[in-house]
Amino acid sequence: MMIQNRKKFWVGASGLIFFSMILGFWLSPWGPHRSGLERVDQLFNQLAKNSTYFIPEAVNLAPKFEGKSVDFGITSRWPGDDTRMAQIIQTNLFSAVLLGDGRVRIKGDLGKMGLAASVDAGLLFKGQESDLRVKYGVNGKEVVYYWWVAFDGLTRRFVQENRSSEADYTRFLTTRVLEPAYNFAGIETRPIGENIWTVALFLGFYLLYTLLYGFSILFLFEGLGIQATKSKEKKEA
């Protein structure tokens, strides 16, 4: 390997070494077995959770669907899910009958059912899982999961029957209420307004860190005499 420009080569090599040292520092544990990268990831998860809180909207939307009946057979995802899903539905005083083929026949008021699911999702979202465990006898994530299976199945059935308004409502519950509650369970929320300078600092660092890597590679290759050149234009004969 021939070095064409020693200055550029060693600038690039030093930049890559410095890049690797910073990376190793961020991947090493700080304090109680958590690396710097994990701490930053936790911060952004907390900020993201704060922006996915749509439960008040779901609670306000529920009365608009009160009086709309539900009477569908919903297919469970895994063996045994039908029994557990029926338990969740029945605990809230709605009808859920096992059909014996993995399906549960759910009957009830759509608005009231959506309100019950939203309240349970709110408890898990706010870290009050113990209330769900007392009510159902299972952990909070399981409760929200079985609500998700039920409403995902209802969405499919409403779509089949061209009931777009009801389908939009149940889809809103699964994607904006139940999924965030499940995915962000156990994570504290942080408002972006109170952490704006911390976020700006990390984004600025990420930008500079990316530039360090890019320019280090550029100088290293130029030091080795490897350059990207524009191809010559072909002249017509």
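Data block above holds the structure.
Computed from a predicted structure; not experimentally measured. Along each chain, residues carry numbers from 1 onward, in the same order as the chain's sequence is written. pLDDT decides what is reported in this predicted model: residues at 70 or higher carry local features, side-chain atom pairs at 80 or more are listed and counted, and totals for whole chains, interfaces and linings draw on all residues regardless. Just so you know, side-chain values use all the structure's heavy atoms and leave hydrogens and water out.

Enquirer: So what exactly am I meant to see when it comes to unusual backbone geometry here?
Expert: Keep in mind that most residues, glycine aside, have a negative phi and that most peptide bonds are trans. With a phi angle near 70 degrees, Leu93 is a residue other than glycine that sits in the positive phi range. Comment: elements are numbered from the N terminus, with helices defined as DSSP H or I runs of at least four residues and strands as E runs of at least two. Here Leu93 lies in the loop between helix H4 (81–91) and strand S4 (95–98). With a relative accessible area of 78%, Leu93 lands in the exposed category. Positive phi, close to 60 degrees, is recorded for Asn162, a residue that is not glycine. By secondary structure assignment, the location of Asn162 is in the loop between helix H7 (140–160) and helix H8 (164–183). Look at Asn162 and you get exposed, because its relative accessible area is 71%. Each residue is assigned to one of three classes by its accessible area relative to the maximum for its type, calculated with a 1.4 Å probe on protein chains only: buried under 20%, partly exposed between the two thresholds, exposed over 50%.

Enquirer: Where do I start with the sheet that holds strand S5 (residues 103–109) in this structure?
Expert: Backbone hydrogen bonds hold the strands of a sheet together, and the pairing may be parallel or antiparallel. Here we have three strands laid out as an open sheet, ordered S3-S5-S4, and antiparallel in their pairing. Both outer strands of the open sheet, strand S3 (69–75) and S4, are each paired with one neighbouring strand and no more. Each adjacent strand pair in this sheet contributes to an overall mean axis angle of 15 degrees, direction not counted. When DSSP finds at least two bridges between two strands, those strands are taken to pair. Across four bridges, the pairing between S4 and S5 is antiparallel. When the sheet's bridge partners are listed, Ala96 is paired in S5 with Ile106. Under this scheme, a helix contributes an axis fitted over its contacting stretch, all axes are lines through C-alpha atoms, and angles between N-to-C directions fall in the 0 to 180 degree range.

Enquirer: What is the right way to look at the pattern of salt bridges in this model?
Expert: Oppositely charged side chains are able to pair whenever their charged atoms sit close together. Counted as salt bridges are all cases of a side-chain nitrogen of Lys or Arg within 4 Å of a carboxyl oxygen of Asp or Glu. With the rule as written, the count across this model stands at eleven salt bridges. With its nearest N and O atoms 3.7 Å apart, the salt bridge here joins Lys135 to Asp120. Here Lys135, found in helix H6 (residues 129–136), pairs with Asp120, found in helix H5 (residues 110–125); they are 15 residues apart in sequence, far enough to count as distant. Overall, the relative accessible area of 39% leaves Lys135 in the partly exposed class. Of the residues examined, Asp120 reaches a relative accessible area of 1% and is grouped as buried. Salt bridges here are not isolated pairs; linked through shared partners, they connect Lys68, Glu161, Arg163 and Glu166.

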